[in-house]
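# Examining the three-dimensional arrangement
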Amino acid sequence: MNHSLVTEGLSKVFRLFLQGDVRIPVLDNVDFSVAPGECVALTGPSGAGKSTLMRCLYGNYGAGAGRILIRHRGAMVDLAAADPRLVREIRQETLGYVSQFLRVIPRIGARDIVAEPLRARGVPAEAAQARASELLTRLNLPARLHNLPPATFSGGEQQRINLARGFAADYPVLLLDEPTASLDPVNRQVVVALMAEAKARGAALIGIFHDTEIRDQVADRLFEVLPIQDAA
Amino acid sequence: MSGYNFAYLDESTKRMIRRAILKAVAIPGHQVPFGSREMPLPYGWGTGGIQVTAAILGPADVLKVIDQGSDDTTNAVSIRAFFRRTAGIATTESTAEASIIQTRHRIPERALREDQILVYQVPIPEPLGRLEPRIAETRRMHAMADYGLMHVKLYEDIARHGHIATSYSYPVMVNGRYLMSPSPIPAFDNPKMDRMPALQLFGAGREKRIYAVPPYTSVKSLDFDDHPFRPIRAPHACELCGSRDTYLDEVLTDDVGGRIFVCSDTDFCAERQAMKEAAE
Amino acid sequence: MNAPLLTARDLTLRFGRIAALDGVDLEIHPGEVVAIVGESGSGKTTLLRVLSGLMRPDGGEVSYLGQDVLGMSEAARRRLMRTEWGFVHQNPRDGLRMAVSAGGNIGERLMATGARHYGNIREQASHWLTRVEIDPARMDEVPAKFSGGMQQRLQIARTLVTLPKLVFMDEPTGGLDVSVQARLLDLIRALVADLGLAVLIVTHDIAAARLLAHRMLVMRHGVVVESGLTDRVLDDPQHPYTQLLVSSVLAA
């Protein structure tokens, strides 16, 4: 199969040493895959480990066991075993992540935050900023805000900046954690359109959507993450 | 002269100083430590220069001593008398006749020859001392030829005054390797050190250091490409001999602001005056 | 991928009965920012001093682009220190000449490497003052007149003027007010990204490490207990000490 991302036997157990070495298994033997141009929605009850899976896929959480194979520079690479510099390279070129909350960097304006992933790839400043402005405008963020650091922006505005940043770099694989949670209906539809365009250019999307209406608009397939019963 | 060894110092001390001098000549501009002796005059009066002179003096030598270019100041007169009495050698005020010239703060105007030696009295031998107070660190900087700091000093001069304001003890690079203080001679005299036919020896008594510039050695004043080194003199002619290319002293003539400029090198000035009179 | 700039293998150093470094391995690649975190006394500043050749370890190897750092002559090490390396001290007084003007401070490394054109040196000094957000009109003032934050920014300008490949930073925001720290961190972040510097930064400030570093080493009692991608070490810490360290700070 020509997948963009595949997990094989992915497991994750958290060990909390400060609580007397409690072990909390969250993912057990997850086999999951997503193809180019496909959008898979992670479903399951709250606390089942959807966000944990998402963070494992990004390399933010280390995988306890199993493999996370991602198509990077034309070959399948095991993200679970990649050294930090390879993870950085994969994140720069192949794998994007729209988290629920924007991590604000002091004094950096919205446009520069959005342009940053492109700049990191070596896109000239002007082109990167033009693309950033275009996306921010499309997400209905007024031009007067583009230069301002978003620390004081509303939750919805910050999320739109996060989304613009995620879509700016045309990643082949894009992870989206509740991308429409704090958006109004108009902007929700903009996000739906952006996701459709990403799929059309062959990107693989993996998302968590609370909003089932949105989910059904964009997802080609559902993947259920089940809670592990025999905890600790 | 009884009761003294020739030229005051005992022979083993002279040998020790000569060894230091030989090493200094072998490593131009490098400060060589030596066992500086107590001399019958205070530090600051030329104890380093006197010990160097005593170590190289022979019975046939003719000694000239100048202080700020002048043969007749107390310091110059005393040192000449000292060596006349302790070594019985001949002394002179004429630059041309001298085989050894001990100096404080000047280089004679008349070009020196291969058969002459110029001995400088040095109060502070370390050119980096004011910028880097740690002696161990200054030695390391010399060892590594790590001299950026000296240019920082000149940079600061230009930044503050618009030009390099250092007018004496102007730092030089010797033989392209060692940074050296030329002793407090005016910067005007610096170019005379470069490729001088005479051997130049420097003695610092209190600091116990000897250094040397062998004949025909390159001595370059530090500068910037866009602020080149310029030897500075008062823009006047000597009141006595009319010279326009020698270093001048300013002399107050009364208490209402009267002043004249005269050659600092008294021998050179006297010679020129004699020539002028003979011509008239 | 490309070869590491600096490699350290099995570094050990004891102060009497205390192990300051105990089998430390480390690599840093061009353009990589690596943070060494840990509480006071964990050995992180000692590690920085050993890696930069300021201190000899009891055992182990350090190499920079294939050169043996511990075996190199002092002349060679000093040459590196004023060209391809830089060191930013916690206290700007240790890294600046307090009696020399801001311009002279920046110009020193240039002059030490042969710059002899006053006008060009001034131009560079002015450019670097602007880059670290100090008004170039203050070029001729001595750093003693500057605030702590400005002094630290001046130290950074003085270090970066020769475009080093590798910069060692020892708690660069340590002595500063929180508001000033944020500005300095952001400035360092931007300069490091623009210039593609490799930086080895020692800090006990987890938030600073998250903002600046690509990769992180956690040290305790002279041992690297955990290392990896910065966000993974902070969000999914595997060692009890790292969990304690992360849980002791407010949302980093």
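Residues numbered from 1 in each chain as written. Chains lettered and ligands numbered in written order. Predicted model: local features only at pLDDT ≥ 70, side-chain atom pairs only at ≥ 80, totals over all residues. Heavy atoms only, no water.

## Points about the overall build of chain B
Of the regular secondary structure elements, chain B holds seven helices and twelve strands. Against the compact-globule benchmark of 19 Å for 280 residues, chain B has a radius of gyration of 19 Å, which places it among compact chains. Taking the principal axes of the C-alpha coordinates as reference, chain B spans close to 60 × 55 × 35 Å. Here chain B, with 280 residues, has 52% of them falling under the buried criterion. Surface accessibility of chain B: about 12,700 Å² in total, with carbon and sulfur atoms responsible for 53%. Charge-centre separation for chain B: the mean point of 33 positive side chains lies 7 Å from the mean point of 35 negative side chains. (Helix = DSSP H or I, 4+ residues; strand = E, 2+ residues; numbered from the N terminus. Rg over C-alpha atoms; globule rule 2.2 N^0.38 Å. Buried < 20%, exposed > 50% of the residue type's maximum accessible area, 1.4 Å probe, protein only. Areas by Shrake-Rupley, 256 points an atom, 1.4 Å probe, with all protein chains shown as cover. Lys, Arg positive; Asp, Glu negative; His and termini not counted. Charge placed at Lys NZ, Arg CZ, Asp CG, Glu CD.)

## Focus: the interface of chain B and chain C
For interface size, the figure often reported is the accessible area lost on association. At the junction of the two partners, chain B supplies 21 residues and chain C supplies 22 residues. Roughly 1,800 Å² of surface becomes buried between chain B and chain C when both sides are summed, with 57% attributable to carbon and sulfur atoms. Applying the counting criterion to the chain B and chain C interface returns eleven residue pairs in polar contact (both at pLDDT 80 or more). Of all the secondary-structure elements, those providing two or more residues to the side of chain B that touches chain C are α4 (135–144) and α5 (148–161) of chain B. Among the elements that take part in the side of chain B that touches chain C, α5(B) stands out by supplying nine residues, more than any other. The class makeup of the residues in the side of chain B that touches chain C is nine nonpolar, three polar and nine charged. (Contact = heavy atoms within 4.5 Å. Buried area = accessible area lost by both parts, 1.4 Å probe. Polar contact = N/O pair within 3.5 Å; in protein donor to acceptor, adjacent residues only side chain to side chain. Nonpolar A, V, L, I, M, F, W, Y, C, P; charged D, E, K, R; others polar.)

## Notes on the domain arrangement of chain B
Residue and element names in this part refer to chain B. In terms of domain boundaries, chain B breaks down into domain 1 (11–221) and domain 2 (233–280). Once you take the C-alpha centre of each, domain 1 and domain 2 turn out to be 26 Å apart. Facing 14 residues of domain 1, the contacting portion of domain 2 comprises eleven residues. Interface area for domain 1 against domain 2, summed over the two sides, is near 970 Å², with a carbon-plus-sulfur share of 47%. (Domains from an automatic or database assignment.)

## Describing the sheet that holds strand β10 (residues 223–229) of chain C
Sheet strands line up and pair through hydrogen bonds in the backbone, either parallel or antiparallel. All names here are of chain C. If you trace the six strands from one edge of the open sheet to the other, you get β6-β7-β8-β3-β9-β10, paired in mixed fashion. Every other strand in the sheet has two partners, leaving β6 (85–88) and β10 as the edge strands with one partner each. On average, adjacent strands in this sheet sit at an angle of 15° to one another, irrespective of strand direction. By the bridge criterion, six bridges tie strand β9 (residues 215–220) to β10 in an arrangement that is antiparallel. Across the sheet, residue Met 216 finds its bridge partner in β10, namely Gly 228. (Pairing = 2+ DSSP bridges. Axes fitted to C-alpha atoms, helices over the stretch in contact; angles between N-to-C directions.)

## Digging into the side chain of His142(B)
Residue and element names in this part refer to chain B. Mapped onto the fold, His 142 is located in helix α4. Classification of His 142 by relative accessible area gives buried; the value is 9%. When residues no more than four places from it in sequence are discounted, the contact partners of His 142 are Gln 31, Glu 126, Pro 127, Leu 128, Tyr 147, Arg 177, Tyr 178 and Leu 179.

## Focus: the pairing of strand β1 (residues 6–15) of chain C
Residue and element names in this part refer to chain C. Pairing between β1 and strand β2 (residues 18–28): eight bridges, direction antiparallel. In the sheet register, Leu 13 faces β2, and the bridge partner there is Leu 21. One ladder, built from five bridges, connects β1 with strand β4 (residues 59–64); its direction is antiparallel. Paired with Thr 7 across the two strands is Ser 63, which belongs to β4.

## Side note on the pattern of salt bridges
Taken as a whole, this structure holds 52 salt bridges over all chains when the rule is applied. Taking the shortest distance from any N to any O, the salt bridge between Arg106(B) and Glu109(B) comes out at 2.8 Å. Classification of Arg106(B) as buried rests on a relative accessible area of 2%. Taking relative accessible area as the criterion, Glu109(B) reaches 15% and is therefore assigned buried. Between Lys192(B) and Asp189(B) there is a salt bridge, with its nearest N and O atoms 2.7 Å apart. The class for Lys192(B) is partly exposed, based on a relative accessible area of 23%. Residue classification places Asp189(B) among the buried positions, given a relative accessible area of 0%. One network of salt bridges, in which partners are shared, links Glu137(B), Arg140(B), Asp146(B), Glu74(C), Arg78(C) and Arg82(C). (Salt bridge = Lys/Arg side-chain N within 4 Å of Asp/Glu carboxyl O.)

## As for the environment of Asp157(B)
Residue and element names in this part refer to chain B. In this fold, Asp 157 is placed in helix α5. Of the residues examined, Asp 157 reaches a relative accessible area of 9% and is grouped as buried. Considered as a pair, Asp 157 and Val 213 are 56 residues apart in the sequence and their alpha carbons are 27 Å apart. The contacts of Asp 157, once residues within four sequence positions are left out, are Gly 162, His 163, Ile 164, Ala 165 and Thr 166. One polar contact links the side chain of Asp 157 to the main-chain amide nitrogen of Ala 165, over a distance of 2.9 Å. At a separation of 2.7 Å, a polar atom in the side chain of Asp 157 contacts the side chain of Thr 166.

## A word on the interface of chain C and chain A
The interface is formed by 27 residues belonging to chain C together with 24 residues belonging to chain A. Linking chain C with chain A are twelve residue pairs in polar contact (both at pLDDT 80 or more). When contributions to the side of chain C that touches chain A are tallied by element, the ones reaching two or more residues are α7 (178–195), α8 (206–212), β10, α9 (230–235) and α10 (240–247) of chain C. Looking at side-chain class alone, the side of chain C that touches chain A contains seven nonpolar, nine polar and eleven charged residues.

## Details of the packing of helix α4 (residues 102–112) of chain C against helix α6 (residues 148–160) of chain C
Residues and elements named next belong to chain C. Across the interface, α4 lies against α6 with an axial gap of 7 Å and an inter-helix angle of 30°. Taken together, the axes of α4 and α6 are roughly parallel relative to one another. As α4 runs across α6, the sense of the crossing is right-handed. Facing α4, whose interface residues are Ala 102, Asn 105, Ile 106, Glu 108 and Arg 109, α6 presents Leu 154, Ala 157, Arg 158 and Thr 159. Here the residues of the contact of α4 with α6 sort into four nonpolar, two polar and three charged. (Parallel < 35°, antiparallel > 145°, perpendicular 65-115°, else oblique. Left-handed = near helix turned anticlockwise from the far one by under 90°.)

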